[in-house]
Amino acid sequence: MDDLNPLAGTAHLLEEVDKKLMVLLRDGRTLIGYLRSVDQFANLVLHRTIERIHVGNDYGDIPRGVFIIRGENVVLLGEIDREKESKLPLKEISVDEILDAQRREQEQRQEKHRLISKALKERGLAVNTDIINEDFC
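All values reported here derive from a predicted model rather than from experimental measurement.

Chemist: So what exactly am I meant to see when it comes to the pairing of strand β3 (residues 44-55) here?
Modeler: The side chains of a regular strand alternate, first on one face of the sheet and then on the other. By the bridge criterion, 7 bridges tie strand β2 (residues 30-38) to β3 in an arrangement that is antiparallel. Along β3, the bridge assignment pairs leucine 35 with leucine 46. Counted between consecutive antiparallel strands, the loop separating β2 from β3 contains 5 residues, among which alanine 42 sits at a positive phi close to 65°. Looking at chain direction, β3 and strand β4 (residues 58-69) are connected through 10 bridges and run antiparallel. Note on β4: the bridge partner recorded for leucine 46 is phenylalanine 67. Linking β3 to β4, which pair antiparallel, is a turn of 2 residues; within it glycine 56 sits at a positive phi near 65°.

As structure tokens, then:
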């Protein structure tokens, strides 16, 4: 009977209210915060939210406070296991350091894409940079 209820999926999110969640967004950002509200469109309100940036085995947390997320932007959502959270094999670094590391990583990725595009162009191939996937570079 649940198959006929269009809200069955988002209604299950009500069980997650007041729990600490990790939310992966379509634009690649990772948010961690306490779920305070959810509606029928899976729009979320997170409280005491941080944006976590990963570069290699390092991470940095940027405080964001109350964060409203449109449901269509959520790719993945899950509860944080507090025991495992304290045992992460990652090293926390300052916000400035992680942002600098992220910038360097993006520059390296862009240079790699530029070199691949140049090599393909020299061979007479055109490449659509919008569809290049990092996994294939």
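Chemist: Any chance you could explain the nonpolar core here in plain terms?
Modeler: The tendency in soluble globular proteins is for nonpolar side chains to be buried as a group. With 12 residues, the main nonpolar core is built from Leu13, Leu21, Val23, Leu25, Leu31, Leu35, Val38, Ala42, Leu44, Leu46, Phe67 and Ile69. Contributing elements (two or more residues each) for this core: β1 (20-25), β2, β3 and β4. Setting aside residues up to four positions removed in sequence, isoleucine 69 forms contacts with Val23, Leu25, Leu31, Ala42, Asn43, Leu44, Leu46 and Val74. Membership of the second largest hydrophobic core comes to 6 residues, among which are Ile53, Ile93, Ile98 and Ala101.

Calculation rules
- All residue numbers refer to positions counted from 1 along the written sequence of the respective chain.
- Given that the model is predicted, a residue must reach a pLDDT of at least 70 before its local features are reported, and side-chain atom pairs must reach 80 or more before they are shown or counted; all residues, however, enter totals for whole chains, interfaces and linings.
- Heavy atoms from the whole structure form the basis of all side-chain values; hydrogens and water molecules are not counted.
- Two strands are said to pair when DSSP picks up at least two bridges between them.
- Note on conventions: DSSP H or I runs of at least 4 residues are helices, E runs of at least 2 residues are strands, and numbering of each starts at the N terminus.
- Throughout, nonpolar core names a set of buried Ala, Val, Leu, Ile, Met, Phe, Trp, Tyr and Cys residues whose side chains join them through atoms within 4.5 Å.
- For every residue, the accessible area (1.4 Å probe, protein chains only) is compared with the maximum for its type, and the residue is labelled buried under 20%, exposed over 50%, or partly exposed between those bounds.
- Residue contacts are counted whenever heavy atoms from the two residues lie within 4.5 Å of one another.

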